[in-house]
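# Descriptive structure summary
The lines below spell out each chain.
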Amino acid sequence: MKSFLNELSNGLVWLPELGMGRYPVPEARPYDHGYFDRYQKLADTPLGHQLTMARLQLVARHYQGTVLDVGIGAGQFVNARPDTWGYDVNPAGVEWLKKLGKWANLYDAWLPEDRFPALTFWDALEHIDKPEDAVAKASEWVFVSIPIFNGAEHILSSRHYRKDEHIWYWTHDGLIRWFAEQGFICVEHNTCESMLGRDGIGSYAFKRAEL
C-alpha cells in the first residue's frame, strides 16, 4: 500500500475515463540557454522548416491577426509570422524576445477583457502547470501541437514521456473533451507533423464556443 500511495503522489496518474494523465514534474526544469540553443539547431533543419510552415498554414486557415506564441522553442514561429508576439519561462527565450521587442506576458494581457485573440502552443501545453489558466487568456482561438496517446502503457513506452518536462498527457478524445470544458470546440485536427516524421503528434485548431 505504501508504494501505491507513493506512486499516486510522485508518479504518473492516468484517468482513462477522462483520457488524461498527469506527472508531477519537479520545479527544477531544464529551461536555460543550452535548451534554447538546442532548439535553435533543431529549428534550422529541413524538418524544422517544414514544421514551422505547417503551423503557419494551420493558423492561416482559420485566423488572421495578432497571435501570442506561448512557449516559443527557439522563436522560429515568432520570426516567421508578422504580428506575432511570444511568451516563455526560459530566461534565454525571454531575453531573445525582449531584444526583438516581441515579448508579451501571457498573464498580463493588454487587450480587452485581459485576453489575447489567439494563442499558439507548439509542443508547449503539456509543459504548463495550470494549462486551464493559460488557454483562458484566449478570446477567440487556440492552436496546439501536442503528443497524443492511446493510454498509460503508450505513455510509459513513448519518447514523449519526459519526467523533467511533460506534466500533462492526453488521448485525442481526452484533449477535445478538456478543451470543451474550457469553452472551446475543435474545428480542425490533423496529423501533419506526424506525417512529416514526428512521433505521434496531433495538431488542433480550437475556437471559443461563445463566438
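Data block above holds the structure.
An account of the accompanying structure is given in this report. What you are looking at is a predicted structure, and each value in this text was computed from that prediction instead of being measured. Residue indices begin from 1 for each chain and proceed along its sequence in written order. Side-chain atom pairs in this predicted model are given and counted only at pLDDT of 80 or more, local residue features only at pLDDT of at least 70, and totals for whole chains, interfaces and linings cover all residues. To obtain the side-chain values, all non-hydrogen atoms of the structure were used and water was disregarded.

## A word on empty space enclosed by the protein
Site definitions follow a grid-based scheme: protein atoms alone, a 1 Å grid, a 1.4 Å probe that fits but cannot get out for cavities, and for pockets an open set with protein on both sides within 12 Å along at least five of seven lines, plus lining residues having an atom within 4 Å of a point. Grid points are joined across faces, edges and corners, and a volume is the space filled by probe spheres set on the points. In the structure shown here, the tally under the stated rule is one cavity of 30 Å³ or more. Estimated volume of the largest cavity: approximately 50 Å³. Taken together, Glu 126, Ile 146, Pro 147, Phe 149, His 160, His 166, Trp 168, Tyr 169 and Trp 170 make up the lining of the largest cavity. Going along the chain from the N terminus, every DSSP run of H or I of four or more residues is numbered as a helix, and every run of E of two or more is numbered as a strand. Of all the elements in the fold, those that place two or more residues in the lining of the largest cavity are strand S6 (138-147) and strand S7 (168-170). Residues of the lining of the largest cavity, tallied by class, amount to six nonpolar, two polar and one charged. Under this grouping Gly is polar, as are all residues other than the nonpolar Ala, Val, Leu, Ile, Met, Phe, Trp, Tyr, Cys and Pro and the charged Asp, Glu, Lys and Arg.

## Some remarks on the pattern of salt bridges
Salt bridges are defined by distance alone: a side-chain nitrogen of Lys or Arg within 4 Å of a carboxyl oxygen of Asp or Glu. Tallied over the full model, the rule gives seven salt bridges. A salt bridge links Glu 188 to Arg 61; its shortest N-O distance comes to 2.6 Å. With Glu 188 in strand S8 (residues 184-190) and Arg 61 in the loop between helix H3 (46-60) and strand S3 (67-70), the pair connects residues that are 127 residues apart, well separated along the chain. Take Arg 61: its relative accessible area is 48%, and that puts it in the partly exposed class. Between Glu 193 and Arg 198 there is a salt bridge, with the nearest N and O atoms lying 2.7 Å from each other. Classification of Arg 198 by relative accessible area gives partly exposed; the value is 21%. Three or more residues are tied together by salt bridges with common partners; here these are Arg 55, Asp 123, Glu 193 and Arg 198. Type-normalised accessible area, obtained with a 1.4 Å probe on protein chains alone, sets the label of each residue: buried when under 20%, exposed when over 50%, and partly exposed for intermediate values.

## Quick notes on the packing of aromatic side chains
Two rings from Phe, Tyr or Trp (for Trp, the six-membered ring) form a pair when their centres are within 6.5 Å of each other. A pair whose planes differ by under 30 degrees is stacked, one over 60 is edge-to-face, and the rest are tilted. This structure, assessed with the given rule, holds 16 aromatic pairs. Geometrically, the ring pair formed by Tyr 161 and Tyr 169 is edge-to-face, given 5.9 Å between the ring centres and 70° between the ring planes. For Tyr 161, a relative accessible area of 17% puts it in the buried group. Among the residues examined, Tyr 169 registers a relative accessible area of 1% and is labelled buried. Cation placement over rings: the criterion is NZ of Lys or CZ of Arg within 6 Å of the ring centroid and within 35° of the ring normal. In this structure, Arg 22 is placed above the aromatic ring of Trp 168, and the distance from its NZ or CZ to the ring centre is 5.7 Å.

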